[in-house]
Amino acid sequence: MSFPSDFVWGVATAAHQIEGGNFNNDWWDFEHLAGSGCAESSGDACDSWHRWEEDLDLVAGLGLGAYRFSLEWSRIEPADGEFSVAALDHYKRICSGCLERGLLPVVTFHHFTTPRWLAQRGGWESPSAPERLAEFAARSVESLGDVIGWACTINEPNVVASMGYSQGEYPPGVHDALDRHLAVNEAMVRAHRLTVEALRSGPGSFPVGMTVSMDEMVASPGGEKVRDMAEEILENTFLRATGGDDFVGVQTYTRMHFGPDGLAPDDPSVPKSQMGYEAWPDSVAYTVRRAAAVTGIPVVVTENGLASEDDAERVAFLSSALSGLQECVDDGIDVRGYFVWSLLDNFEWAQGYRPKLGLFSVDRTTFERRPKPSASWFAEVARRNGLA
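Just so we're clear, the structure is a prediction, and the values are computed from it rather than from any experiment. Throughout, a residue's number is its position along its own chain's written sequence, starting from 1. At least 70 in pLDDT is required for a residue's local features to be given in this predicted model, at least 80 for side-chain atom pairs to be given and counted, and no such filter applies to totals for whole chains, interfaces and linings, which use all residues. Note that water and hydrogens are dropped before the side-chain values are worked out from all heavy atoms of the structure.

### Regarding helix α12 (residues 311–330)
Here a strand is any run of E in DSSP of at least two residues, a helix any run of H or I of at least four, and the numbering for each starts at the N terminus. Expected helix span is computed as 1.5 Å times (number of residues minus one). Taking 1.5 Å per residue as the helical rise, α12 with its 20 residues ought to reach 28 Å, and the 28 Å between its terminal C-alpha atoms agrees with that figure. Buried means the residue's accessible area, taken with a 1.4 Å probe over protein chains only, is under 20% of the maximum for its type, while exposed means over 50%, and partly exposed covers the values in between. The set of residues buried in α12 consists of Asp-311, Arg-314, Phe-317, Leu-318, Ala-321, Leu-322, Gly-324, Leu-325, Gln-326, Cys-328 and Val-329. We call two residues in contact when some of their heavy atoms are within 4.5 Å. Each element contacted by the buried residues of α12 is listed here: β1 (8–12), β6 (247–259), α11 (283–295), β8 (299–304), β9 (335–341) and α13 (373–384). N or O atoms closer than or at 3.5 Å make up a polar contact, with two conditions inside protein: a donor-capable atom paired with an acceptor-capable one, and, for residues adjacent in sequence, both atoms drawn from side chains. Its side-chain oxygen placed 3.0 Å from the backbone nitrogen of Ala-312, Asp-310 serves as the N-cap of α12. Where α12 terminates, the next one or two residues include Gly-332, which has phi positive at roughly 95°.

Set out below in structure tokens:
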């Protein structure tokens, strides 16, 4: 089972989840807010702000072709209109370090965190938020554009809106405010379009796209209208916004069940991951097919993985997911790459450090990285360019 010769194999991370010490954004405040529901603070995370070279060596040592990481906006623009040359140089060194190791630097410009100064003005409800992200991207690409491989504008804008304004589990922690949720959806779509323009106006020439969190959504009898509405609000709004983009990033882990009254219980026969949802590798093939059909542009699986203490479960999950992805490729769907989430066991937002999704474990005191068997397994998949 072989993938196309130019297929990209990689791993993904995000700044706030691995760098440590990102105290100037809305997530740091939310982690420390009484009643937010966060299990713990991100704290030092994996200390990747200082250990990024070690992380790149791990990726290169696996023989992978790409490393996806994000820029921390609050480090680059710590105050309104004040940009840090030192922070920009830091991220440029990471991009250059990728290229020196034969890795494609895949740069995400917004991965859930918003600078404190913008959050204090209402965050994504601020009328100027889309323009501010585009201005940040334009200033960043001036410094980094020549060393960017691929660019992702916004990571899972649908999650920013749904978890922040309907579920209340992400900043600003608002529950059941559908009108605000939909307004933030619109703001994120506008931010994406403006950011695409900004990235294409700077130096460098690289593919640009957005990543969307997608689930396999299934309906029991009578639940079809609810399911269709969920697809529209949570996914289609953003998939339609990709017109003219170079790719769409699909990020998928599970499936959701809908009945006539809304969300329905999971299938009790399907095991759950440490994140609390069904461990459902079939979602990869399902969502890749849907994303390709709705957008008509190439697809990259920019995140997929399993939260589990049992690494054998991780290997089985990834193997099944890739088998389904292979069928998509065989059916003629233009799939350009696959990224495991994540390189490291890291800070999984409100759930803290308990869920383990990394190919490498990280000692919470010494920050020592230790490979799991799944790391060598994935390295062999990349070397073969497919499953055995």
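### Section: the pairing of β9
By the criterion of burial, β9 is predominantly enclosed, with six of the seven residues buried. Inspection of the sheet shows β1 paired to β9 by five bridges, in the parallel sense. For Val-8, the partnering residue across the bridge sits in β9 and is Gly-337. Two strands pair under a simple rule: DSSP has to find at least two bridges between them. Here four bridges tie β8 to β9, and the two strands are oriented parallel to one another. Along β9, the bridge assignment pairs Val-300 with Gly-337. Clockwise travel from the first strand over the helix to the second, with the strands pointing away from the viewer, marks a crossover as right-handed. In this fold, the crossover linking β8 to β9 by way of α12 has right-handed handedness.

### Considering the pairing of β1
β1 sits mainly inside the fold: five of its five residues count as buried. With burial as the criterion, each face of β1 is covered, one bearing Val-8, Gly-10 and Ala-12 and the other bearing Trp-9 and Val-11.

### With respect to the nonpolar core
Within this scheme, the nonpolar core is defined by two criteria: the residues are buried Ala, Val, Leu, Ile, Met, Phe, Trp, Tyr or Cys, and they are joined through side-chain atoms within 4.5 Å. Judged by nonpolar contacts, the single largest core of 109 residues is most densely connected at Trp-9, Leu-325 and Tyr-338. At eight residues, the largest contribution of residues to this core is made by helix α9 (residues 178–201). Among all residues touching Tyr-338, those that are not within four sequence positions of it are Phe-7, Val-8, Trp-9, Gly-10, Val-301, Asn-304, Leu-318, Ala-321, Leu-322, Leu-325 and Phe-378. Val-8, Tyr-253, Ala-307 and Trp-341 belong to the second-largest nonpolar core, a separate cluster that totals 15 residues.

### Some remarks on the environment of His-50
Its place among the elements puts His-50 in helix α3 (residues 48–61). Judged by its relative accessible area of 61%, His-50 is exposed. Here Asp-47 takes part through its side chain, which lies 2.8 Å from a polar atom of the side chain of His-50.

### Remarks on the pattern of salt bridges
A pair is scored as a salt bridge if a Lys or Arg side-chain nitrogen falls within 4 Å of a carboxyl oxygen belonging to Asp or Glu. This model, assessed by the stated rule, comprises 30 salt bridges. Asp-29 is the partner of Arg-116 in a salt bridge, and the nearest nitrogen-oxygen pair spans 2.7 Å. Placement of Arg-116 in helix α6 (residues 116–119) and of Asp-29 in helix α2 (residues 26–31) is noted, with a sequence separation of 87 residues between them. Given the relative accessible area of 22%, Arg-116 is considered partly exposed. Judged by relative accessible area, which is 35%, Asp-29 ranks as partly exposed. For Asp-47, the salt bridge is made with Arg-51, and the minimal N-O distance between the two is 2.7 Å. On the basis of relative accessibility, which here comes to 14%, the residue Asp-47 falls in the buried class.

### Notes on helix α7 (residues 129–144)
With 16 residues, α7 should cover 22 Å at 1.5 Å per step; its first-to-last C-alpha distance of 22 Å lies within 8% of that length. Regarding α7, the residues found buried are Ala-129, Pro-130, Arg-132, Leu-133, Ala-134, Phe-136, Ala-137, Ser-140, Val-141 and Leu-144. Those residues of α7 that are buried are in contact with α4 (73–76), α5 (85–100), β3 (104–110), α6, β4 (150–155) and α9.

### What about the packing of aromatic side chains?
The criterion for an aromatic pair is that two Phe, Tyr or Trp rings (for Trp, the six-membered ring) have centres within 6.5 Å, with stacked assigned to planes under 30 degrees apart, edge-to-face to planes over 60 apart and tilted to the rest. Evaluation of the coordinates by the stated rule reveals 22 aromatic pairs. Taken together, a centroid distance of 6.4 Å and an interplanar angle of 70° make the contact between Phe-109 and Phe-136 edge-to-face. One end of the pair, Phe-109, is in strand β3; the other, Phe-136, is in helix α7, with 27 residues separating them in the sequence. Residue classification places Phe-109 among the buried residues on the basis of a relative accessible area of 0%. Aromatic side chains Trp-150 and Phe-339 sit 6.4 Å apart centroid to centroid with 55° between the ring planes, which places their arrangement in the tilted category. In this pair, Trp-150 is assigned in strand β4 and Phe-339 in strand β9, connecting sequence segments 189 residues apart. The burial state of Trp-150 is the same as that of Phe-339; both residues are buried. Each member of the aromatic cluster is reached from another via a ring pair, and the members are Trp-27, Phe-30, Phe-112, Tyr-170, Phe-347, Trp-349 and Tyr-353. Taking NZ or CZ as reference, Arg-255 lies 3.6 Å from the ring centre of Trp-280, over its face. Directly above the ring of Tyr-353 sits Arg-364, whose terminal nitrogen or CZ lies 3.7 Å from the centroid. Geometrically, a charge over a ring is one whose NZ (Lys) or CZ (Arg) sits within 6 Å of the ring centre while staying within 35 degrees of the ring normal.

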